[in-house]
Amino acid sequence: MNKLRTKLALILMTVVGCSVLAAGLFMALMMERSHLRTLQDSMKREINIILSALDGGAEPFARKDAAYFAEKARIFGTSNGERVTFIAADGTVLGDSDTDAAAMENHLGRKEIREAEAAGIGFARRHSETTGMDFLYAAVPVEEGGSVVGYVRLSISLDEIDQAIVRMWSVLLSGLLIVFVLAGLFSYRAAYRLTRPIEKITQVARQISNMNYKSRVYLSNRDEIGQLGEAVNAMAASLQNQMHRIMENENRLFGVLDNMSSGVIMIGGDGQIALVNRSAEEILISSADAMVGKRFDSPAAKLPYELVRLLERSIEKGERIRDEMVVHVPEECVLEVHIAPMRSEDEWLGLVAVLHDITGIRRLEKMRSDFVANVSHELKTPVAAVKGYAETLLAGAMNDEETARSFLNTIYEESERLNRLIGDILELSKIESKRAPLFFSPVDLSELIGKTLEMLGSEAAKKRIALSMHVEEHLFIEADEDRLRQILLNLLSNGINYTPEGGNVTVSAEAVEGEGDEPEKIRIIVSDTGIGIPKKDLPRIFERFYRVDKARSRSSGGTGLGLSIVKHLVELHNGSIRVESELDLGSRFIIELPLLQS
């Protein structure tokens, strides 16, 4: 911008300087010509005065009276301070006020004489060899009877005129210099005023190019430059709005991609990985930084071999692919892969691969299959027993009253077992589907645990098992009282069933401070001195129909669903349950529930 400002200032200075210089030259020339013209007019008048003052008119010229003209030249030269010369018609100098006429050369060929003969008056400017100065000469012919008999010439030294012109030029040049300096200042100021708004517009344009779309041009001009600034501001506002919309769309897109449960991998037309979302990082156990920018089939990308083969197949065929694959990263994981090629008319843009982790779905399908198999197996035994005893009775055993009673009692027990099994299945189904709403209210744990122990007192007395509790007085918790009682009944019943005669089953409850921002909790522990649980079975103890000792579990009347129901009810209370156990030393079921439900 400084270059433009300097150029404009120089241009303006040149234009102004040339204009002023031309005007000064014109003025000086005009003044010089005007001065010379005035001087010529004055000399013409003086010659006419001299002619009128000559005695005898043209007669002295005819007789070439040198003495007469020498005296007259001296008198007139002295009176007007100018050089006066009298010349005969043939060019002979008859008299001169400054020089001896006899020593002067013939003047007939002089310019002023020739012009005077031709036009009636002649003027000439030249350097005088006689005096060594510049003179202005004026000559007028003297006529008699229509013929020229001589000439009167008047000459004036131009030294004073030249000095006046030099002084005039000095003043003019000084004035021109001052005007040029002022023109320079004015030009720079004018260039600054012209370029400053452009400089502001340029700065704003640079900031806009650097993505600072909030920058604006502030100008008071209302001319074309001001309109340009307004246009730049309008452009910046438009770009800002467009970039805002683009950023919003980009943020939405990245927000969707980052929060998708499915992994997304985008591969460009050059085969390099262009985008990897967070779910894909979690599924593949690799960071986006380690994959982006690398070819999908290179070892550096660390993509599973099966996925690479599917991507290559999609590129070769140019069609969508949907398939499943099993990867170990590091655990076994089942992925459903959708691969779609991207094209724009005939241009190949790359691929988009979407990864769905369906390990949980496949696990649920297996659990459903196992559940159906377990239910079928659990139902088969009592149904077979009922059918067998009924067939025996129909075959004639009902005639034996004692045998019939025994068979009917067994049929009744098996039907009760069927009833409990179906009831537990329905209960578990309702809990898992969250169709069993909980009604939270303050519950006195001491009172609840005490009543629960009373309900199981007779059952424990049959095996001489001691039931005890260690609960603080007035220890309250916000929970569903019926469901909490169901949890305790299941755990206590298991404790009684799997504890040998003469053992102990204990329930304790205490308040526990939460860690960090966690709320305060209540910890309930149901412990027994029973047979314990092997370590290998501890991770599966809460699975449906899972039994450590199947024979003893069935003989005790258990359905294999009690602990699964307990786990789901605890989770519905936003709590957790775990078990600690050693063989032949007993088990401890530890439940932690929030004191207050959110």
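Residues numbered from 1 in each chain as written. Predicted model: local features only at pLDDT ≥ 70, side-chain atom pairs only at ≥ 80, totals over all residues. Heavy atoms only, no water.

Turning to the overall build of the chain, a few remarks are in order. Scanning the chain for helices and strands turns up 16 helices and 17 strands. Across the 598 residues that make up the chain, the buried fraction comes to 39%. In the chain, the proportion of contacts linking residues at least 24 apart, taken out of those at least 6 apart, comes to 55%. Of the accessible surface of the chain, which amounts to about 34,300 Å², a share of 55% is contributed by carbon and sulfur atoms. (Helix = DSSP H or I, 4+ residues; strand = E, 2+ residues; numbered from the N terminus. Buried < 20%, exposed > 50% of the residue type's maximum accessible area, 1.4 Å probe, protein only. Contact = heavy atoms within 4.5 Å. Areas by Shrake-Rupley, 256 points an atom, 1.4 Å probe, with all protein chains shown as cover.)

On to helix α12 (residues 445-455), then. Those residues of α12 that fall on the buried side of the exposure criterion are Leu445, Ser446, Leu448, Ile449, Gly450, Thr452 and Leu453. Backbone nitrogen of Ser446 and a side-chain oxygen of the N-cap are separated by 3.2 Å at the start of α12; the cap is Asp444. (Polar contact = N/O pair within 3.5 Å; in protein donor to acceptor, adjacent residues only side chain to side chain.)

Right, let's get into the sheet that holds strand β7 (residues 273-276). Read across the open sheet, the five strands follow the order β7-β6-β10-β9-β8; overall the sheet is antiparallel. Edge positions in the sheet fall to β7 and β8 (321-328), since each has one partner strand and no second. Averaged over all pairs of adjacent strands, the angle between strand axes in this sheet comes to 25 degrees, irrespective of strand direction. Packing against the sheet, helix α9 (residues 305-317) makes contact with β6 (263-268), β8, β9 (332-344) and β10 (347-357), and its axis sits at approximately 160 degrees to β8. (Pairing = 2+ DSSP bridges. Axes fitted to C-alpha atoms, helices over the stretch in contact; angles between N-to-C directions.)

Formed by 39 residues in total, the largest nonpolar core has its most connected members in Leu445, Leu484 and Ile524. Of all the secondary structure elements, the ones that give two or more residues to this core are α12, β13 (476-479), α14 (481-497), β14 (504-512), β15 (521-528), α16 (562-572), β16 (576-582) and β17 (586-594). By residue number, the principal contributor to this core is α14, which donates six residues. If we skip the residues at most four places from it in the chain, Leu445 touches Val471, Leu475, Ile477, Leu484, Ala509, Ile522 and Ile524. With 33 residues, the next largest nonpolar core counts Leu54, Ala58, Tyr68 and Phe123 among its residues. (Core = buried A, V, L, I, M, F, W, Y, C linked by side-chain atoms within 4.5 Å.)

All chains considered together, the criterion is met by one aromatic pair. Centroid distance Phe135 to Tyr137: 5.9 Å. Interplanar angle 40 degrees. Geometry classified as tilted. On the accessibility criterion, Phe135 (4% relative accessible area) is buried. Overall, the relative accessible area of 2% leaves Tyr137 in the buried class. (Phe/Tyr/Trp six-rings, centres within 6.5 Å; stacked < 30°, edge-to-face > 60°.)

Right, let's talk about the sheet that holds β17 for a bit. The mixed open sheet is built from five strands, whose spatial order is β12-β14-β15-β17-β16. Across the chains shown, the open sheet's two edge strands, defined by having one partner strand only, are β12 (466-471) and β16. When the angles between neighbouring strand axes are averaged without regard to direction, this sheet yields 15 degrees. When β12 meets β14, the two strands line up parallel, connected through six bridges. Paired with Met469 across the bridge in β14 is Val507. Against the sheet, α12 contacts β12, β14 and β15, and its axis sits at roughly 175 degrees relative to β12.

The geometry of α12 relative to α14 is characterised by a closest axis approach of 10 Å and an angle of 45 degrees between their N-to-C directions. In terms of orientation, α12 and α14 fall into the oblique class. Crossing hand, α12 versus α14: right-handed. Every residue of α14 that contacts α12 at Leu445, Leu448, Ile449, Thr452, Leu453 and Met455 is listed here: Glu481, Leu484, Arg485, Leu488, Leu489 and Leu492. By residue class, the composition of the contact of α12 with α14 is nine nonpolar, one polar and two charged. (Parallel < 35°, antiparallel > 145°, perpendicular 65-115°, else oblique. Left-handed = near helix turned anticlockwise from the far one by under 90°. Nonpolar A, V, L, I, M, F, W, Y, C, P; charged D, E, K, R; others polar.)

It is worth spelling out helix α6 (residues 224-259) at this point. Along its 36 residues, α6 runs 51 Å from first to last C-alpha, staying within 8% of the 52 Å computed at 1.5 Å per residue. What α6 keeps buried is the set Ile225, Gly226, Gly229, Val232, Asn233, Ala236 and Leu257. (Expected span 1.5 Å × (residues − 1).)

Viewed as axis vectors pointing N to C, α14 and α16 meet at an angle of 145 degrees, and their least axial separation amounts to 10 Å. Handedness of the crossing formed by α14 with α16: left-handed. In contact with Arg483, Gln486, Ile487, Asn490, Leu491 and Asn494 of α14, α16 contributes Gly562, Leu563, Ile565, Val566, Leu569 and Val570.

Our next topic: the pattern of salt bridges. It is possible for side chains of opposite charge to pair when their charged atoms get near one another. For the coordinates displayed, the defined rule picks out 17 salt bridges. Of the charged contacts, one joins Glu447 and Lys451 as a salt bridge, the two residues approaching to 3.1 Å between their closest N and O atoms. A residue pair is termed a helical-turn pair when its members lie 3 or 4 positions apart in one helix, as Glu447 and Lys451 do in helix α12 at four residues. The class for Glu447 is partly exposed, based on a relative accessible area of 43%. Overlapping salt bridges bring together Glu510, Lys521, Arg523 and Glu592 as one network. (Salt bridge = Lys/Arg side-chain N within 4 Å of Asp/Glu carboxyl O.)

This part takes up the pairing of strand β2 (residues 93-96). Moving residue by residue along a regular strand, the side chains alternate between the two faces of the sheet. Pairing between strand β1 (residues 83-88) and β2: three bridges, direction antiparallel. Among the inter-strand pairings, Thr85 is bridged to a residue of β2, identified as Asp96. In textbook terms, the turn of a hairpin is the stretch between consecutive antiparallel strands, and for β1 and β2 this stretch comprises four residues, one of which, Gly91, has a positive phi near 100 degrees.

There is a patch of nonpolar side chains on the surface, built from Leu177, Ile178, Val181, Leu182 and Leu185 and spanning about 520 Å² of accessible area. Examined against the element boundaries, Leu185 turns out to sit in helix α5 (residues 159-209). (Patch = residues over 30% accessible without salt bridge, like charges linked within 9 Å, V, L, I, M, F, W, Y side chains within 5 Å.)

The buried count for β1 comes to six of six residues, which makes it a mostly enclosed element. Residues Arg83, Thr85 and Ile87 point to one face of β1 and Val84, Phe86 and Ala88 to the other, with burial holding for every one of them. Here six bridges tie β1 to strand β5 (residues 147-157), and the two strands are oriented antiparallel to one another. The partner of Ala88 across the bridge, within β5, is Gly150.

This brings us to the side chain of Glu592. Here Glu592 shows up in strand β17. A distance of 2.9 Å separates a polar atom in the side chain of Glu592 from a polar atom in the side chain of Arg523. When near neighbours in sequence (up to four residues on either side) are disregarded, Glu592 contacts Lys521, Ile522, Arg523, Gly575, Ser576 and Arg578.

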